[in-house]
Amino acid sequence: MKHIIITGHSKGLGAGIATELINENHHIHGISRTDSVEIERLAILKNCKFNFYSCDVSRRDTISAVMDDIFYTISGSETPEAIYLINNAGVITPIGPLQTLDPEEIDKHLRINLLAPTLFIREFIRHTTDMNIEKRIINISSGAAVNPYHGMSVYCIGKAGLDMLTRSVALEQKDEEYPVEVISVAPGIIDTDMQTRMRAEPEENFKNKQKFVTLKESGQLVSPDVAGRKLIEVLFSEDFENGAVLDIRELYYK
Ligand SMILES: NC(=O)c1ccc[n+]([C@@H]2O[C@H](COP(=O)([O-])OP(=O)(O)OC[C@H]3O[C@@H](n4cnc5c(N)ncnc54)[C@H](OP(=O)(O)O)[C@@H]3O)[C@@H](O)[C@H]2O)c1
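Let me sum up the structure you'll find in this document.

**Structural notes on the environment of Glu105**
Reasoning step 1: Tracing the sequence through the fold places Glu105 in helix H4 (residues 103-128).
Reasoning step 2: Taking the C-alpha atoms as reference, Glu105 lies 9.8 Å from Val154; in sequence the two are 49 residues apart.

Structure below.
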């Protein structure tokens, strides 16, 4: 049995990834504030083990408790063949020039987009150190990690930090006896609530707004299921390269 832990599985890209992973050989552990009825139903239909963990990842104290729960479940089942973590949960707000943003919102954003993945990885490594099985992590990054966007400084630094977290953890893990492998993947521009939120922003907060409106209107956004399928190919790939920072568009959409 392969165990896959995925944050933000309830909608958008996370739901696309979870949907594509649902089969009888997988045990999926979904972490979000809300569950997805569709995913629960599909899991039952396809005889896939699925557990929902209600968790607000902006709350630092909940993360170790959720990971303890997950690994308690894993330890109670047959010896796992592999364990994966997909750090996908994320937010786009607050959007606007830095001086206009509320410090509380900046703090919450970075707790969700950067601190939470850091703590999930910490817990993942601690729980799996002695396991001689395949152990992989994908951090869902963004083109915004390398390209600055007006009005998105907080999102950009969170994703840039996530990429550096990938490279730092990969370096620390490579000489371990049973290393965890970690990569970052920018998934492309996907048709989710996050994109809707960006298009709703006033132009003075987000000068690139029109570009994203045009992409939507010209049908250039990728569906969450298609993006999810590509990410799963990467997750299970024989070419999975510890520490790599990838853009899925360079792999598949050339
Ligand atoms: N959409 C794009 O074009 C795009 C492009 C590049 C990168 N990305 C990245 O892809 C990832 C998914 O984005 P998306 O577009 O799918 O966004 P989305 O549709 O808004 O979904 C976000 C997911 O994260 C979860 N989440 C948000 N805040 C949370 C919290 N405090 N605690 C627990 N879960 C939380 C949500 O679940 P609940 O609301 O149920 O908690 C939801 O499942 C993000 O990391 C994003 O930065 C997206």
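Still to come is the rest of the account.
**Topic: the pairing of strand S6 (residues 181-186)**
Reasoning step 1: Within S6, five of the six residues are buried, leaving the element largely enclosed by the surrounding structure.
Reasoning step 2: The β-α-β motif built from strand S5 (residues 134-140), the intervening helix H5 (residues 153-173) and the parallel element S6 has right-handed crossover chirality.
Reasoning step 3: Sheet topology note: the S6/strand S7 (residues 245-247) ladder contains three bridges and is parallel. Within S7, the residue paired with Ser184 across the bridge is Val245.

**Digging into the pattern of salt bridges**
Reasoning step 1: Inspection of every chain in the model, using the stated rule, returns ten salt bridges.
Reasoning step 2: In this structure, Arg249 engages Asp247 in a salt bridge whose closest nitrogen and oxygen atoms are separated by 3.0 Å.
Reasoning step 3: Judged by its relative accessible area of 29%, Arg249 falls in the partly exposed class.
Reasoning step 4: Each of Glu134, Arg136 and Glu181 takes part in a single network of salt bridges with overlapping partners.

**Here we look at the site of the ligand**
Reasoning step 1: Taken together, 31 residues form the shell around the ligand, and within it Lys11, Arg33, Thr34, Tyr155 and Thr192 come nearest.
Reasoning step 2: Contact between the ligand and Arg33: an oxygen atom at 2.7 Å from a side-chain N or O atom of the residue.
Reasoning step 3: Burial of the ligand by the surrounding chains reaches 94%, relative to a free accessible area of 890 Å².
Reasoning step 4: With three residues, helix H6 (residues 193-199) is the single largest residue contributor to the shell around the ligand.
Reasoning step 5: Class assignment of the residues belonging to the shell around the ligand gives a composition of twelve nonpolar, 14 polar and five charged.

**Describing unusual backbone geometry**
Reasoning step 1: Residue Pro94 follows Thr93 across a cis peptide bond; omega there is 5°.
Reasoning step 2: Phi is positive for Asn47, which is not a glycine, with a value near 55°.
Reasoning step 3: Residue position: Asn47 is located in the loop between helix H2 (37-45) and strand S3 (49-54).
Reasoning step 4: Judged by its relative accessible area of 55%, Asn47 falls in the exposed class.

**Quick look at the nonpolar core**
Reasoning step 1: If you look at the biggest cluster of nonpolar residues, it comprises 30 residues, and the most contacted ones within it are Ile17, Ile86 and Ile138.
Reasoning step 2: When sequence neighbours within four positions are dropped, the list of residues in contact with Ile17 reads Ile6, Ile86, Asn88, Gly228, Leu231 and Ile232.
Reasoning step 3: Counting 27 residues, the second-largest nonpolar core is a separate cluster that includes Met67, Ile83, Ile137 and Val169.

**Focus: the packing of helix H1 (residues 12-21) against helix H8 (residues 224-235)**
Reasoning step 1: Closest axis-to-axis distance for the H1/H8 pair is 7 Å, and the angle between their directions is 60°. In terms of their interaxial angle, H1 and H8 are classed as oblique. Every pair of crossing elements has a handedness; the one defined by H1 and H8 is right-handed. When H1 is examined against H8, the residues Gly12, Leu13, Gly16, Ile17, Thr19, Glu20 and Leu21 are found in contact with a partner set consisting of Pro224, Asp225, Ala227, Gly228, Arg229, Leu231 and Ile232.
Reasoning step 2: Each residue belonging to the contact of H1 with H8 can be placed in one class, and the counts come to seven nonpolar, four polar and three charged.

**Overview of the packing of aromatic side chains**
Reasoning step 1: Scanning all chains against the criterion turns up four aromatic pairs.
Reasoning step 2: For the ring pair Phe206 and Phe212, a centre distance of 5.6 Å and an interplane angle of 35° mean the geometry is tilted.
Reasoning step 3: Given a relative accessible area of 0%, Phe206 falls into the buried group.
Reasoning step 4: The positively charged end of Lys2 is found above the aromatic ring belonging to Phe236, 4.6 Å away from the centroid.

The rules we used
- Residues numbered from 1 in each chain as written.
- Predicted model: local features only at pLDDT ≥ 70, side-chain atom pairs only at ≥ 80, totals over all residues.
- Heavy atoms only, no water.
- Helix = DSSP H or I, 4+ residues; strand = E, 2+ residues; numbered from the N terminus.
- Buried < 20%, exposed > 50% of the residue type's maximum accessible area, 1.4 Å probe, protein only.
- Right-handed = clockwise from strand over helix to strand, strands pointing away.
- Pairing = 2+ DSSP bridges.
- Salt bridge = Lys/Arg side-chain N within 4 Å of Asp/Glu carboxyl O.
- Near = heavy atom within 4 Å.
- Polar contact = N/O pair within 3.5 Å; in protein donor to acceptor, adjacent residues only side chain to side chain.
- Areas by Shrake-Rupley, 256 points an atom, 1.4 Å probe, with all protein chains shown as cover.
- Nonpolar A, V, L, I, M, F, W, Y, C, P; charged D, E, K, R; others polar.
- Core = buried A, V, L, I, M, F, W, Y, C linked by side-chain atoms within 4.5 Å.
- Contact = heavy atoms within 4.5 Å.
- Axes fitted to C-alpha atoms, helices over the stretch in contact; angles between N-to-C directions.
- Parallel < 35°, antiparallel > 145°, perpendicular 65-115°, else oblique.
- Left-handed = near helix turned anticlockwise from the far one by under 90°.
- Phe/Tyr/Trp six-rings, centres within 6.5 Å; stacked < 30°, edge-to-face > 60°.
- Lys NZ or Arg CZ within 6 Å of the ring centre and 35° of its normal.

These values are about where atoms sit, not about what they do.
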